[in-house]
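Each chain, written out:
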Amino acid sequence: METAAERVASQRDITAEIARIAAGSQGGETQPRLNYPPYRSSALRHPHSPLVCVDPEELERWAPCFGDRDVEALDADLTAGHAGEPIGERIVVTGRVLDVTGRPVAGQLIEIWQANASGRYHHQRDQHPAPIDPNFTGAGRCLTEPDGSYRFLTVKPGPYPWRNHHNAWRPAHIHFSVFGTAFTQRLVTQMYFPGDPLFELDPIFQSIVDSAARSRLIATYDHDVTVPEYATGYRWDIVLGATWTETDG
C-alpha cells in the first residue's frame, strides 16, 4: 500500500516533471505534445506507426451520429429540457469561429459536453462520489451564424479527480467539437475558465508547452455577455489554422 510520503513524492514528481519539460522547451509549440510523460495515458494513446490512408466515405458510414434530427435553437440551452432547473452557476459561453485571416466560418456544427457543477459527467463510467444532477445532462450543440458566432447557456462545470497521479484533479473545462464538411474533419479541444488554481498541476493543460498558446484555451469573462440577475458571461473565439474549403482538393 502506498504511504503518505510516497503519495506526496508522486505529486512532487509530476510537478517537477512538468517544470522540467517547460524549462527545456524551445517555445512555439502551440499544439499538445502527443507523448507527454506527465500525462500518463499519452504513452499508450499517441501514434507509433505512420498514418494509414482510408476511404473517408467508408469510415463515415461507421462513424457516430450526433442527434437524429436537425439542430434546433433549444439544443444550445443545456439548462432546458428537464423537469427542473440544474444546480450551479448559470453561464453564457459565446464567441466566433474564424479562420486565420479573421473571416467568419459560418454554418459549422459546434458540439459541447461537460461535467455538472459538482464535477461529474452524466455517464455510467463516471463513478466518483459527487452528486448526479437529474436536470443536467451536460451536452449541447448549435450551428455558427453568418458572422461565425455561437452561443450556449449552461452551468459552470466543477473540477473532478482523474487518477493520473496522486490527488490529480482536472481544472473546470468544457469540451468543444467543431465539424467541417465531413466527419473526418472534426476538431476537438477544451475551453477553460480564468484564474483556475489547478492549471499548474494539470498535465493535459500543460502538455501545450508554449504559454501563449495555452492562454488561448482560457475564456475571458465578458460583462457585456453577462445577463443581469441571471447568468455570468464568457467569451471564447475559435481560430482555425486552415478552413476546410481552403484545404479541399
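Residues numbered from 1 in each chain as written. Predicted model: local features only at pLDDT ≥ 70, side-chain atom pairs only at ≥ 80, totals over all residues. Heavy atoms only, no water.

The protein chain appears in an unreviewed UniProt entry as Protocatechuate 3,4-dioxygenase subunit beta from Mycobacterium noviomagense. Looking at the protein chain in UniProt, the text filed under Sequence similarities (unreviewed entry) is "Belongs to the intradiol ring-cleavage dioxygenase family." (UniProt positions renumbered as here; feature names shortened; annotations may be inferred.)

Asker: Talk me through the overall build of the protein chain; I want residue IDs and the actual numbers.
Answerer: Counting its secondary structure elements, the protein chain contains six helices and 11 strands. With 249 residues in all, the protein chain has 42% of them scored as buried. Restricting to contacts in the protein chain with at least 6 residues of sequence separation, those with at least 24 account for 69%. A total of about 14600 Å² of accessible surface is found on the protein chain, and carbon and sulfur atoms cover 56% of it. (Helix = DSSP H or I, 4+ residues; strand = E, 2+ residues; numbered from the N terminus. Buried < 20%, exposed > 50% of the residue type's maximum accessible area, 1.4 Å probe, protein only. Contact = heavy atoms within 4.5 Å. Areas by Shrake-Rupley, 256 points an atom, 1.4 Å probe, with all protein chains shown as cover.)

Asker: Give me the side chain of Gln 114: which residues, what numbers.
Answerer: Assignment of secondary structure puts Gln 114 in strand 2 (residues 109–114). Within the structure, the side chain of Gln 114 is placed 2.8 Å from the side chain of Thr 154, a separation counted as a polar contact. Those residues in contact with Gln 114 that sit more than four places away from it in its chain are Leu 78, Tyr 121, Phe 136, Gly 138, Thr 154, Val 155, Lys 156, Pro 157, His 173 and Ile 174. (Polar contact = N/O pair within 3.5 Å; in protein donor to acceptor, adjacent residues only side chain to side chain.)

Asker: Mind laying out the pattern of salt bridges, listing which residues take part and the relevant values?
Answerer: A full pass over the atoms with the stated rule returns five salt bridges. In this structure, Asp 75 engages Arg 141 in a salt bridge whose closest nitrogen and oxygen atoms are separated by 3.1 Å. Of this pair, Asp 75 sits in the loop between helix 3 (56–60) and strand 1 (90–99) while Arg 141 sits in strand 3 (residues 139–143), placing them 66 residues apart in sequence. Residue classification places Asp 75 among the buried residues on the basis of a relative accessible area of 13%. (Salt bridge = Lys/Arg side-chain N within 4 Å of Asp/Glu carboxyl O.)

Asker: Would you mind going over the nonpolar core in detail, with residue names and values included?
Answerer: Ranked by internal contacts, the top residues of the largest apolar core, which has 42 residues, are Ile 110, Tyr 150, Phe 152, Ile 174, Phe 176, Met 191 and Trp 236. Secondary structure elements with two or more residues in this core: helix 1 (4–24), strand 1, strand 2, strand 4 (149–155), strand 7 (173–178), strand 8 (187–192), helix 4 (203–206) and strand 11 (238–240). Non-local contacts of Phe 152, meaning those with residues more than four positions away in its chain, are made with Ala 76, Leu 78, Ile 91, Val 92, Val 93, Ile 110, Ile 112, Gly 140, Arg 141, Cys 142 and Phe 176. (Core = buried A, V, L, I, M, F, W, Y, C linked by side-chain atoms within 4.5 Å.)

Asker: Account for the pairing of strand 4, with residues named and values stated.
Answerer: Taking burial as the measure, the seven residues of strand 4 include six buried ones, the bulk of the element. Here strand 1 runs beside strand 4; their pairing, made up of seven bridges, is antiparallel. Bridging from a neighbouring strand, Val 93 pairs with Phe 152 of strand 4. (Pairing = 2+ DSSP bridges.)

Asker: Just give me the short version of the environment of Ala 219, but keep the residues and values in it.
Answerer: On the secondary structure map, Ala 219 appears in the loop between helix 5 (211–215) and strand 9 (220–221). With relative accessibility at 3%, the residue Ala 219 sits in the buried group. Each C-alpha atom, one on Ala 219 and one on Asp 237, is 8.2 Å from the other, the two residues being 18 residues apart in sequence. Other than its neighbours up to four places away in sequence, Ala 219 contacts Met 191, Tyr 192, Pro 194, Tyr 234, Arg 235 and Trp 236.

Asker: Could you give an account of unusual backbone geometry, naming the residues involved and the relevant values?
Answerer: Unusually for a residue other than glycine, Asn 167 sits at a positive phi of about 60°. Tracing the backbone through its elements, the reader meets Asn 167 in the loop between strand 5 (160–161) and strand 6 (169–170). Assessed through its relative accessible area of 53%, Asn 167 is described here as exposed. A positive phi is found at Glu 229, a non-glycine position, where the angle reads about 60°. Along the polypeptide, Glu 229 turns up in the loop between strand 9 and strand 10 (232–235).

Asker: Break down the sheet that holds strand 3 for me, with residues and values.
Answerer: If you walk across this open sheet you meet the four strands as 3-2-7-8, and the pairing is antiparallel. Every other strand in the sheet has two partners, leaving strand 3 and strand 8 as the edge strands with one partner each. Adjacent strand axes in the sheet meet at a mean angle of 25°, parallel and antiparallel pairs treated alike. Relative to strand 8, strand 7 runs antiparallel, the two being bridged by six bridges. Its bridge partner being in strand 8, His 175 is matched across the sheet by Gln 190. (Axes fitted to C-alpha atoms, helices over the stretch in contact; angles between N-to-C directions.)

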